[in-house]
Structure formats: C-alpha cells, structure tokens
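Residue strings, one per chain:
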Amino acid sequence: MRVQRLREINTLAVLESIIAGRGESSRADVATATKLTRPTVSALVEGLLAAGLVEERESVRAGTGRPKTPLVASSKVVGLGAEVAADHLRVLGLGLDGSTVIDEARHTEVALRSPEQTALQLAELLRSCRERLPQGTRISALTVSLPARISGDGTCVASGPNIGWRDVPFSKLVTDAGWSETPVFLANDANLAAHHEADARPGESFLFLHGETGIGGAIVVDGTPLPGTHGWAGELGHLPLVPGGARCGCGLEGCLEAYVGFHALRKRAGLPDSTCLDTIAGRLSANQELTDQIGHEIGTALAGAFTLLDIDSLVLSGYFAPLAPALHKTLSQALSAHSFAEQIHISPAAQSRGVEVLGAAQASLQRVRADIGDWLSIKD
Ligand SMILES: [Zn+2]
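Just so it is clear, the model here is predicted, and its values are computed rather than measured. (Residues numbered from 1 in each chain as written. Predicted model: local features only at pLDDT ≥ 70, side-chain atom pairs only at ≥ 80, totals over all residues. Heavy atoms only, no water.)

(A) The domain arrangement of the chain, seen in detail. The domain boundaries assigned to the chain delineate domain 1 (2-73), domain 2 (77-191 + 356-376) and domain 3 (202-349). Distance from the C-alpha centre of domain 1 to the C-alpha centre of domain 3: 46 Å. (Domains from an automatic or database assignment.)

(B) The arrangement of the pairing of strand β10 (residues 157-160) in detail. Note that strand β9 (residues 149-150) and β10 share 2 bridges and pair antiparallel. If you follow I150 over to β10, its bridge partner there is V157. Linking β9 back to β10 in an antiparallel pair, the connection comprises 6 residues, with G154 at a positive phi of about 70°. Relative to strand β11 (residues 165-168), β10 runs antiparallel, the two being bridged by 3 bridges. Bridge assignment links V157 to a residue of β11, and that residue is V168. Between β10 and β11, which pair antiparallel one after the other, the connecting turn spans 4 residues, and G164 there sits at a positive phi close to 75°. (Pairing = 2+ DSSP bridges. Helix = DSSP H or I, 4+ residues; strand = E, 2+ residues; numbered from the N terminus.)

(C) Up close: the environment of E212. Tracing the chain through its elements places E212 in the loop between β13 (206-211) and β14 (215-221). The class for E212 is buried, based on a relative accessible area of 1%. Separated by 29 residues in sequence, E212 and L241 have C-alpha atoms that sit 19 Å apart. Excluding residues within four positions of it along the chain, E212 makes contact with E83, A85, D189, F262, L277, Y319, R353 and E356. Here T213 takes part through its side chain, which lies 3.4 Å from a polar atom of the side chain of E212. (Buried < 20%, exposed > 50% of the residue type's maximum accessible area, 1.4 Å probe, protein only. Contact = heavy atoms within 4.5 Å. Polar contact = N/O pair within 3.5 Å; in protein donor to acceptor, adjacent residues only side chain to side chain.)

(D) Spotlight on the pairing of β13. Within β13, 6 of the 6 residues are buried, leaving the element largely enclosed by the surrounding structure. Of the two faces of β13, the one carrying F206, F208 and H210 and the one carrying L207, L209 and G211 are both buried. Inspection of the sheet shows β13 paired to β14 by 6 bridges, in the antiparallel sense. Note on β14: the bridge partner recorded for G211 is I215. Counted between consecutive antiparallel strands, the loop separating β13 from β14 contains 3 residues. One ladder, built from 5 bridges, connects β13 with strand β16 (residues 313-318); its direction is parallel.

(E) How the structure looks around the packing of aromatic side chains. A full pass over the atoms with the stated rule returns 3 aromatic pairs. For the ring pair F206 and F208, a centre distance of 6.5 Å and an interplane angle of 65° mean the geometry is edge-to-face. (Phe/Tyr/Trp six-rings, centres within 6.5 Å; stacked < 30°, edge-to-face > 60°.)

(F) Region of the structure containing the coordination of the zinc ion. Note on the zinc ion: its protein donors are H238 (ND1), C248 (SG), C250 (SG) and C255 (SG). The metal-donor distances range over 2.0 to 2.4 Å. Each donor residue of the zinc ion belongs to the same chain, and together they define the spacing H-x9-C-x1-C-x4-C. Residue classification places C250 among the partly exposed residues on the basis of a relative accessible area of 34%. (Donors = N, O, S within 2.8 Å, 3.2 Å for Na, K, Ca; no water.)

(G) Spotlight on helix α10 (residues 288-309). Over its 22 residues, α10 extends 31 Å from the first C-alpha to the last, a length consistent with the 32 Å expected when each residue adds 1.5 Å. Maximal helix bending in α10 amounts to about 40°, located at L302. Looking only at α10, the buried set comprises L290, T291, I294, G295, E297, I298, G299, A301, L302, A303, A305 and F306. Check the buried side of α10 and you find it contacts β13, α7 (257-260), α8 (262-268), α9 (280-285), β16 and α11 (324-338). (Expected span 1.5 Å × (residues − 1). Bend = angle between axes of the 7 residues up to and from the residue.)

(H) Main features of the nonpolar core. Core analysis: the biggest nonpolar cluster contains 41 residues, and L209, I298, L302 and L314 have the highest contact counts within it. Every element with two or more residues in this core is listed here: β13, β14, α7, α8, α9, α10, β16 and α11. Among the elements that line this core, the one with the most residues is α10, at 8 residues. With residues up to four places along the chain from it excluded, the contact list for L314 reads L207, L209, L302, F306, L331, L335, I344, H345, I346 and S347. Ranked by size, the runner-up nonpolar core spans 31 residues in total, among them V84, I102, L122 and L173. (Core = buried A, V, L, I, M, F, W, Y, C linked by side-chain atoms within 4.5 Å.)

(I) Structural context of the packing of helix α2 (residues 27-34) against helix α3 (residues 38-50). Across the interface, α2 lies against α3 with an axial gap of 9 Å and an inter-helix angle of 115°. Taken together, α2 and α3 sit at an angle that is classed as roughly perpendicular. Between α2 and α3 the crossing geometry is right-handed. The residues of α3 that touch α2, namely those facing R27, A28, V30, A31 and T34, are R38, V41, S42, V45, E46 and L49. Split by residue class, the contact of α2 with α3 holds 6 nonpolar, 2 polar and 3 charged. (Axes fitted to C-alpha atoms, helices over the stretch in contact; angles between N-to-C directions. Parallel < 35°, antiparallel > 145°, perpendicular 65-115°, else oblique. Left-handed = near helix turned anticlockwise from the far one by under 90°. Nonpolar A, V, L, I, M, F, W, Y, C, P; charged D, E, K, R; others polar.)

Okay, here's the thing in structure tokens:
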C-alpha cells in the first residue's frame, strides 16, 4: 500500500513537472527537476503515457547531443466546469495545463424557470460543448458552481434563495437531463472564487466579499479558506446590517445582502431588470452618492468580523471588485469606526469576473490528481 502511494506521489511530481515544462521537458529534464532517478522517471512516464495523461512530441536534436523527446500534458484530458448564475449558464473546459479548450455561455433568467428546466438547458449546453471537443477527449469530472448552499456530499442544493431553490437534487437532475458521462459535483460559487483568490495570494489572511447572484464570502487564514462546522463559515452577506430590516432571501431580516445584493442594488439604482451581472458595476460606478452609501453599509456590517478575527485585509470580488475605488472612502471609514483595526487594507480580487466557472473547472482537474491511482490503472 505504501509503495503504491509513493508511486502516486512521484507520478504526480512527474506530471506537474511536465505541465510546468510547457512541452519543452524531456525525461532527463524531468529527472533534474524532480530529483528522481532517470529509470524511475522513465517508468513513471510510461505509466502516464499508457494512461493518456501525457504525450510525446517528435524528437529534436539539439547541437551534437543525443536527440531529445519532449513530453507534453495531454490535450485530450479536460476538466469541465459549469456555472448557474442569476442571468446565465456557462460551461468552461480546461486542459491539464490550464489552457481553455471550450467556453460557452447562454443567457437565461434562472429564477423564472424550474430547476428541471435549468437542468435541461445546462445538459443541452454541455452536450453542445462535448460535441465540439476533439474525438477521444476524456472529461475528468463536471463541477457545477451555484449561488447556493450545497449539501455535504456535493449533490444537492440545500438552499439557493436568489434563484428560488430549496432541497433540489441538482446532480441527479442534470444526469436525468442527459449528462451521464461523469458524476456531477456541486459547489458554492463564492467558495470556488475564494479558493481561486487564495491560490493567487499564497499564505495571506483576508476576508473575501464576493458580489455575484448573491453576496458570498470567505474567511481565508494563512492561505486556506475556513470551511466551518456546517460549511457556511464566511457567509459575510448574511451578517446583520439593519436589525429588523429588509427581509433577506435567506429568511433573516436586515442582512447585508438585502441591501447590496444584485437584485437589491438593481432596484436601489433604478436600473432596468435587463441590467446584468456583467454591467451592474459600470452602471453603479457613475453614482457616487449610492456607492458612498454601499461602502458605508459594507463597512458597518463587516467591522465586527475584523475585530473578531484580527485580520487586517479585505478583498472585494465579483461586481464589488471594479467598484473598489468608488467604495474605498466610506468603506474604510466605517471599518475604522466600528472595529479595533486601525487600518484595513482593501483591494480588488486578482480576477473579478468568471472566476466561479474557472474555479469549478479547476476543481474538476483536481480530481485527476486526487484519483491518479485510478487513472494509472486505465489501459486503453
Ligand atoms: Zn440573509
């Protein structure tokens, strides 16, 4: 058993080295990079070739030396991510090297349709993407990002008030609608975004506020998002802003989300219902009076969390990211006025849009690494 695990760890090190080499690394280069012996690397590369995870390129002769056979991550293994958001569905496929192999979106008002109808639309989009992938492509997994709390086993939507879902077995619905190629894993959109941001800020501690279909968030400590006992640690959108105030989709009253969530902001700014997630920040940034209020509200609701956690950095994500300069003054003032922290560093996320579906596709790719033993036993 231990020998098997060691082989898996070394195989992953070889695979990562080949991916990092971007099609330039030979077996000898991989041996140097991983500090494994040449015969060990050769044996592991043979396993990866047999599993279809890497491919050999044509040999090249450099100078007078022996010809070199570069190795490259297979372009025919794809991690698939999908996103269900308030106003669109999107499917993104990433190759093992992280390159985008497919990216398609459809506009739809998810809250106006039943979960079954949304599952049918998503399955149709997935099938159309599948047909456009080269023959022989294998999909490692499908991960679906949703603006919802997800059951512990990743198969059901426990509660998604912003799309009107409760106790929906969405994995099964997508399978029943025709996607049977891989199991369907569900994930919370803000958690996927937070993991992506944590990767971009290795070792940092920060609170993460994500404006998307709903307001999500995360507490990231030393580079790791905290899951919490029930999986909802960091739900900053449901901290109280106005006791007894506006009814929030979660069932509580006066949550931050009831004031600065997508639907609430669209209404407060007097914007038409056609205003979508992609354009709302642009429309709001022209209204400094409103962004001053929003900054004050976010700071007031979040200040206590900074005192509680002794963290001094806030990352604004989703539609809050492009609004960071407009929000900064009143947000900073409210945080200082209501917390112990003298100065909280406020910054926009590394990537403001599309990060949920990217995180979903990356989670699907991670399953290749997690299940490497199963992949190695595959013989085509
Ligand atoms: Zn709430």
